[in-house]
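One-letter residues, chain by chain:
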Amino acid sequence: MARLIRTEKEVEGHYTEQWIVVDEDALDQWPAGPLQTVGKPAPRVDGRERARGEATYTADIQLPGMLHAAVLRSPHARARVRSLSLSSVLAAPGVRAVLEPGDSHVLTDEPGYHGAAVAAVAADTFAQARAALAQAAVEWEVLEPLLDPDQAVEKGSLVSEPNVSERGATERGVSEAEAVVEAEYRTQTVLHNSLETHQAVCVWESGRLDVYISTQFLWGVRATVAEQLELPPDKVRVVCNFMGGGFGSKNGPGEYTFIAAELARRTGRPVRCALTRREENLATGNRNSTIQRLTAGARSDGTLTVLKGDYVNSVGFEGWSPSTGGPMELLYACENVRVAEHGAKLNTPPNAAFRAPGFVEGTFGLECLMDELAARLDLDPLELRMRNYADSDLVDGRPFSSKNLLECYRRAQPHWARREEVRARSQGPWKHGMGLASQVWYGGGGPPSYAWVRVGSDGRVQVVTAMQDIGTGSRTAMAQIAAEELGLSLDRIEVSLGDTSRGPFASISAGSSTIPSMGPAVRSAAADAARQIVEIAAQRYHLEERVLSLRNGHIVSADGGSWPIEEITELLGEGQILGKGARGPNPTGMRTLTFGVQLAEVAVDIETGEVLVDRIVAIHDVGRVINPLGASSQVEGGIIQGIGHTLSEDRLLDPGTGTVLTQTLDAYKLPTIADVPEIVAEFVDRPDEHLTNLGSKGLGEPPIIPTSAAIANAIRDATGANVRSLPITREEMLRALRAAREREGLERTAETVGEVRSA
Amino acid sequence: MKFVRPESPEAAASSLGNGSVALAGGTDLVPMLRDGLVQADELVFLRDVVPRGVQSGRIGAGTTLAELEVDPELPQALREACAASASPQLRSMGTIGGNLLQATRCWYWRLRFPCYLHGGDRCHARQGTHREHAIFGNDRCASAHPSDPAAALLALGARLQTTRRELPVADLYRLPTEENRNLTALERDELILELDVPTPDASVYLKAMDRRAWSFALVGVAAARFGAETRLALAGVAPVPWLLENPSALEQSTPLPGTAYKVEIARALVRRALASLPTT
């Protein structure tokens, strides 16, 4: 039954409370632990298709008569277009249409960052489109860019009001502390660099717009495009069958969709607008850089008395200020916490959500600070974290729907116990050490989301929902859930997704929400179909429905009777059993979060500053795990991306002009397979008993969150050096080692002076 | 764009210039053509005319890095420098001749800033972002030479045979001057044909990178010992491969604020390279 309730909706750390119409979630959770299909490792159902190159990505879409767009982008970080002439562009070979500022809301004549879209062209081939753009006659008035984030905050150049929140009294917290550490941490700008660049193909047909797009949210694209183009939403169809990476940067339609749509409208032809790798590195969003000025104070027993964080997010020309202070507010049972976040508006490319935006950066600062505090107090870092364990959410006093971080810590202990052994491997210039860091993040998903299940006379099942699989294995997980509920093997389930005209509304794949939002809807639809199969079986075998259930491809009765499910489905003939299901509400008055801990083993060459990550153990608590194999893949991917963030990736600007210098993959250094350590993934795998009919939370983002702090803390353990700035290049590593030597020298001098005095 | 396959090295060399550009492995040229850093009407394909393979210490300039890295005849420093270069795919395409002549990775140059190397009046990297840049020979242009094998060949004292002359590898390179911004002394219509590599008593190549593979050298150090004499050469520290007279010459380097760390790395790698060479 549909009900009208007031509930919370959360995406990537943003909570909104709203009235929603929501379906009841009447199913009891399955018992904990591995079941027939759910909880057991399942290879990707589409693995073969993808490995063979048969899967159709947006980049593979070829439509008859399709034109190719190219975009003229600002070479300046801040400029005005004094004059623009596209007549030579229009006259160039193969060109069919051009767009200039004013023709589309995504084109500007006052670009505020290097890479901002100014004009566009459609031609028969992409090479013709690129060549034609070179003919554009642009006269720029180049203006002085604002590039310094501290200066921006000082001048009040912000994307939004500063976000300040405080609990308790931090001044008192500082005065009660017996040890206080203050430190400034910095994180760099990093790029998503999705393998499939941002792109869309648009086709108009009889007043209807088809959008083929690499996206994380079919329905969001549909809504935004319809609104912008003033179309009824059902006149917009959005398709994404396979997707080559997004990591948060493909949550909306992007400028390329509007450019393709307008050029398609003008030419009456399908138009592809696909960004190049360089454009991908310029204008598709980034994880913004941060400056974090942090304070922690504690009593000598380790009890935190105060946490303070002053954060500057270098958001860019537009975008939003992520919750960099979130981990400081949520992770520890500290009474006095003050967090202030400033979103600096600069003449740099805008940020975009990037796999746990804010929390990745904030966790680096907070968890390094905790280790510096542990060192000051001479406490074991794991012990310090356990002493400040938060049993409930201190931000608003609510209980957690579930929290097994203590269990994560308990499972971390045998790995943590290797610390002495790891350190003992140190030899010559190579120093070995171990560090850990905790993880907190959202990931509970929420309504609305719907799924249908169709059972044919052959006893095969199709799950139909207009969700997207962004490469995370959602197809497989959804098939497992339906298979489990219907008592069928995985090979009898087909999942149809990726097309708004072929299924009901489905959640965004962001904020670690696909499994917790879509999984319960699929289970509920499968349960609806199962119920109907049982109804028919009860009539066929003259039994009561309550004694029948579906198991191993059979209908089984409590008295031992067993009939292959086809015996019932073949009665359907051309008929079908149609099940429908919806995501129910989130638990009221509770905070749903994901937790975890990671432990890193590193080796540092103290003469050359080389850092090698030898091993990372990840232990995460995300409720019930649907596919342990898919879950390990998520953890591996998150950690590898985290290693890039920690050691080598750095989007660099020219400090004078704001030009992006690292536009190609030789300059922007993603980790290679040689940089990947041994990765051990463990899951607590306990269903959250308050959350939906599955008890599952999301895992897309948690694994990348603690990686950088765990590595930095391991470096401190190995060398005594405080690395406080990402990436930890050789330059930063050598700087930190030099600072540690100087500090030690000063301490030695002080000791000597002390000894002399006492003598 | 035309694609031609000349009949002889001489024919290839004489056709170069005026929009005709030599193509070997293409791993550097093709991206530069795409980016407008090189203009070409005609590509002169060298595969049929430039020698390929190794014979008694003579290396054909068309030999790929992948072939060199596994050739047991060659000095260790050269093999290690080849193996530490780029990725397996690039090493399978890239030739040693092309590798010696590859352009700098300086982002200002690659993005076509009107810099000193492009004929402009200043080096943008000196005042700008320059963590990958030079610590020697950097007063006019602070770019860093990207070739690992070039440093190895310099330390080994290799000689080049071109279509016009024979010269030590050291003479292939020059620092830019007001009048001439080229970083090599090769004439426009001159091709490298062969390399003559002396056999040292021992040699080694060590490389510091931003990641463990597929990255240009922050600092590369080649050391080769011939009897009592040991020669050292560095990659990634100057606009050209840099011969280091002796280890203490590092103290005469002129690092920029963002490249001072390279001196520290170079000191460590030079010490290690020397320590790793067995003594007689």
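Residues numbered from 1 in each chain as written. Chains lettered and ligands numbered in written order. Predicted model: local features only at pLDDT ≥ 70, side-chain atom pairs only at ≥ 80, totals over all residues. Heavy atoms only, no water.

## A word on the overall build of chain B
So, point 1. When you go through chain B residue by residue, the secondary structure sums to 10 helices and 12 strands.
So, point 2. For chain B, whose C-alpha radius of gyration is 18 Å, the value lies close to the compact-globule estimate of 19 Å for 280 residues.
So, point 3. A principal-axis box enclosing the C-alpha atoms of chain B has dimensions of 50 × 45 × 35 Å.
So, point 4. Out of the 280 residues in chain B, the part that is buried amounts to 58%.
So, point 5. Across chain B, every contact between residues at least 6 apart in sequence was considered, and the portion connecting residues at least 24 apart equals 64%.
So, point 6. Per element, the accessible surface of chain B, about 11700 Å² overall, is 50% carbon and sulfur.
So, point 7. Taken together, the 30 basic and 31 acidic charged side chains of chain B have centroids lying 6 Å from each other. (Helix = DSSP H or I, 4+ residues; strand = E, 2+ residues; numbered from the N terminus. Rg over C-alpha atoms; globule rule 2.2 N^0.38 Å. Buried < 20%, exposed > 50% of the residue type's maximum accessible area, 1.4 Å probe, protein only. Contact = heavy atoms within 4.5 Å. Areas by Shrake-Rupley, 256 points an atom, 1.4 Å probe, with all protein chains shown as cover. Lys, Arg positive; Asp, Glu negative; His and termini not counted. Charge placed at Lys NZ, Arg CZ, Asp CG, Glu CD.)

## A few points about the overall build of chain A
So, point 1. Scanning chain A from N- to C-terminus turns up 19 helices and 27 strands.
So, point 2. Against the 2.2 N^0.38 benchmark of 27 Å for 759 residues, chain A shows a C-alpha radius of gyration of 28 Å, consistent with a compact globule.
So, point 3. Based on the C-alpha atoms only, the size of chain A along its principal axes is roughly 100 × 80 × 50 Å.
So, point 4. Relative to its full complement of 759 residues, chain A shows a buried share of 61%.
So, point 5. Long-range contacts, defined here as pairs at least 24 residues apart, represent 79% of the contacts in chain A between residues at least 6 apart.
So, point 6. By element, 48% of the accessible surface of chain A is carried by carbon and sulfur atoms, the whole surface being about 28000 Å².
So, point 7. Of the side-chain charges in chain A, 76 are positive and 101 negative, and the distance between the mean point of each set is 1 Å.

## Topic: helix H6 (residues 218-228) of chain A
All names here are of chain A.
So, point 1. Within H6, the full set of buried residues consists of Leu218, Trp219, Gly220, Val221, Arg222, Val225 and Ala226.
So, point 2. If you follow the buried residues of H6, they end up packed against strand E11 (208-213), strand E12 (236-239) and helix H7 (254-267).
So, point 3. Two residues or fewer past H6, Glu230 is found with a positive phi of approximately 55°.

## Focus: the interface of chain A and chain B
The figure often quoted for interface size is the accessible area lost as the parts come together.
So, point 1. With 31 residues of chain A at the interface, the matching set in chain B holds 30 residues.
So, point 2. Around 2600 Å² of area is buried between chain A and chain B when both sides are counted, 54% of it from carbon and sulfur atoms.
So, point 3. If you sort the residues of chain A by the area they bury against chain B, Leu661, Lys669 and Arg730 of chain A come out on top, with a joint share of 22%.
So, point 4. The interface formed by chain A and chain B holds eight salt bridges in total.
So, point 5. Across the pair Lys669 of chain A and Asp210 of chain B runs a salt bridge, and its minimum N-O distance is 3.0 Å.
So, point 6. Scanning the region where chain A abuts chain B turns up 13 residue pairs in polar contact (both at pLDDT 80 or more).
So, point 7. Looking at which element gives the most residues to the side of chain A that touches chain B, the answer is helix H19 (residues 730-758) of chain A, with five residues.
So, point 8. Taken together, the residues that form the side of chain A that touches chain B break down as 12 nonpolar, eight polar and 11 charged. (Buried area = accessible area lost by both parts, 1.4 Å probe. Salt bridge = Lys/Arg side-chain N within 4 Å of Asp/Glu carboxyl O. Polar contact = N/O pair within 3.5 Å; in protein donor to acceptor, adjacent residues only side chain to side chain. Nonpolar A, V, L, I, M, F, W, Y, C, P; charged D, E, K, R; others polar.)

## Quick word on the pattern of salt bridges
All names here are of chain A.
So, point 1. Enumeration according to the criterion identifies 78 salt bridges over all chains in this entry.
So, point 2. The salt bridge partner of Glu361 is Arg287, with a shortest N-O separation of 3.2 Å. One end of the pair, Glu361, is in helix H10 (residues 359-377); the other, Arg287, is in the loop between helix H8 (277-283) and strand E14 (289-298), and 74 residues separate them in sequence. For the pair Glu361 and Arg287, a shared accessibility class is recorded, and that class is buried.
So, point 3. The closest approach of N and O atoms between Glu535 and Arg531, which form a salt bridge, is 2.6 Å. On the criterion of helical spacing, the pair formed by Glu535 and Arg531 is a turn pair, its members being four residues apart in helix H15 (residues 514-541).
So, point 4. On the basis of relative accessibility, which here comes to 40%, the residue Arg531 falls in the partly exposed class.
So, point 5. One network of salt bridges, with partners in common, ties together Arg80, Arg82, Glu110, Glu139 and Glu141.

## Considerations on the sheet that holds strand E11 (residues 229-235) of chain B
Residue and element names in this part refer to chain B.
So, point 1. In space, the four strands of this open sheet follow the order E9-E10-E11-E12, with antiparallel pairing throughout. In this open sheet, the two strands that pair with only one neighbour each are strand E9 (202-208) and strand E12 (242-244). If you compare each strand with its neighbour and ignore which way they point, the axes differ by 20° on average.
So, point 2. One ladder, built from seven bridges, connects strand E10 (residues 219-226) with E11; its direction is antiparallel. Within E11, the position partnered with Arg225 by the bridge is Thr230.
So, point 3. Its contacts with the sheet place helix H10 (residues 260-276) against E9, E10, E11 and E12, and it is angled at close to 30° to E10. (Pairing = 2+ DSSP bridges. Axes fitted to C-alpha atoms, helices over the stretch in contact; angles between N-to-C directions.)

## Some points on the domain arrangement of chain A
Residues and elements named next belong to chain A.
So, point 1. Looking at the assigned domains, one finds that chain A contains domain 1 (2-33 + 445-582), domain 2 (61-144 + 195-245 + 250-283) and domain 3 (290-444 + 589-742).
So, point 2. Using only C-alpha atoms to locate each centre, domain 1 and domain 2 end up separated by 38 Å.
So, point 3. Each partner contributes to the interface: domain 1 provides 22 residues, whereas domain 2 provides 16 residues.
So, point 4. Summing the contributions of domain 1 and of domain 2, the shared interface buries around 1400 Å²; its carbon and sulfur component is 53%.
So, point 5. Put simply, domain 1 and domain 2 have one salt bridge between them. (Domains from an automatic or database assignment.)

## Details of the sheet that holds strand E7 (residues 166-168) of chain B
All names here are of chain B.
So, point 1. Taken in spatial order, the five strands make up an open sheet running E4-E5-E8-E6-E7, and their pairing is antiparallel. The sheet is open, and its two borders are formed by strand E4 (54-55) and E7, each paired with just one other strand.
So, point 2. Relative to strand E8 (residues 192-196), strand E5 (residues 58-60) is paired through three bridges, and the arrangement is antiparallel. Within E8, the position partnered with Gly60 by the bridge is Glu194.

## As for the packing of aromatic side chains
The description of an aromatic ring pair uses the distance of the two centres, along with the angle that the planes make with each other.
Residues and elements named next belong to chain A.
So, point 1. One pass over the structure, following the stated rule, counts 14 aromatic pairs over all chains.
So, point 2. The structure contains a cluster of three or more aromatic residues connected by ring pairs, namely Phe217, Trp219 and Phe505.
So, point 3. Taking NZ or CZ as reference, Lys345 lies 4.7 Å from the ring centre of Phe317, over its face. (Phe/Tyr/Trp six-rings, centres within 6.5 Å; stacked < 30°, edge-to-face > 60°. Lys NZ or Arg CZ within 6 Å of the ring centre and 35° of its normal.)

## Overview of unusual backbone geometry
All names here are of chain A.
So, point 1. With an omega of -5°, the peptide bond running from Pro447 to Pro448 counts as cis.
So, point 2. Along the polypeptide, Pro448 turns up in the loop between strand E17 (430-441) and strand E18 (450-455).
So, point 3. Of note, the bond from Leu726 into Pro727 is cis; its omega dihedral lies within 30 degrees of zero at 0°.
So, point 4. One can find Pro727 in the loop between helix H18 (707-719) and H19.
So, point 5. Positive phi is not limited to glycine here, since Asn193 has a value of about 45°.
So, point 6. Take Asn193: it is sitting in the loop between strand E9 (179-187) and strand E10 (199-205).
So, point 7. A relative accessible area of 9% places Asn193 in the buried class.
So, point 8. Unlike most non-glycine residues, Ser206 shows phi in positive territory, near 50°.

## Some details on helix H3 (residues 126-133) of chain A
Residues and elements named next belong to chain A.
So, point 1. Of the positions making up H3, those classed as buried are Ala129, Ala132 and Leu133. The arc enclosing the buried residues of H3, seen along the axis, measures out at 100°, which places them on a common side.
So, point 2. Against strand E3 (67-73), helix H2 (87-91), strand E5 (95-99) and strand E6 (117-123) lie the buried residues of H3. (Arc of directions from axis to C-beta.)

## Here's the deal with the packing of helix H14 (residues 474-486) of chain A against H15 of chain A
Residues and elements named next belong to chain A.
So, point 1. Direction vectors running N to C along H14 and H15 enclose 30°, while the axes themselves pass 8 Å from each other. The handedness of the crossing between H14 and H15 is right-handed. Packed against H14, whose contacting residues are Ser474, Ala477, Met478, Ile481, Ala482, Glu485 and Leu486, the element H15 presents Thr514, Ile515, Met518, Gly519, Val522, Arg523, Ala526, Ala527, Ala529, Ala530 and Ile533 at the interface.
So, point 2. A breakdown of the residues in the contact of H14 with H15 according to their chemical character gives 13 nonpolar, three polar and two charged. (Left-handed = near helix turned anticlockwise from the far one by under 90°.)

## Comments concerning the pairing of E10 of chain B
Residue and element names in this part refer to chain B.
So, point 1. Buried residues dominate E10, accounting for seven of its eight residues.
So, point 2. Relative to E10, E9 runs antiparallel, the two sharing seven bridges. Residue pairing for E10: Ala208 is matched across the bridge by Val219.
So, point 3. Turn length for the E10-E11 hairpin, with the two strands adjacent in sequence and antiparallel, is two residues, and the turn residue Gly227 shows positive phi of about 60°.

## Brief notes about the environment of Asp201 of chain B
All names here are of chain B.
So, point 1. You can see Asp201 is positioned in the loop between E8 and E9.
So, point 2. For Asp201, a relative accessible area of 48% puts it in the partly exposed group.
So, point 3. Each C-alpha atom, one on Asp201 and one on Phe226, is 5.4 Å from the other, the two residues being 25 residues apart in sequence.
So, point 4. Beyond its immediate sequence surroundings of up to four residues, Asp201 is in contact with Arg225, Phe226 and Gly227.
So, point 5. Here Gly227 takes part through its backbone nitrogen, which lies 2.5 Å from a polar atom of the side chain of Asp201.

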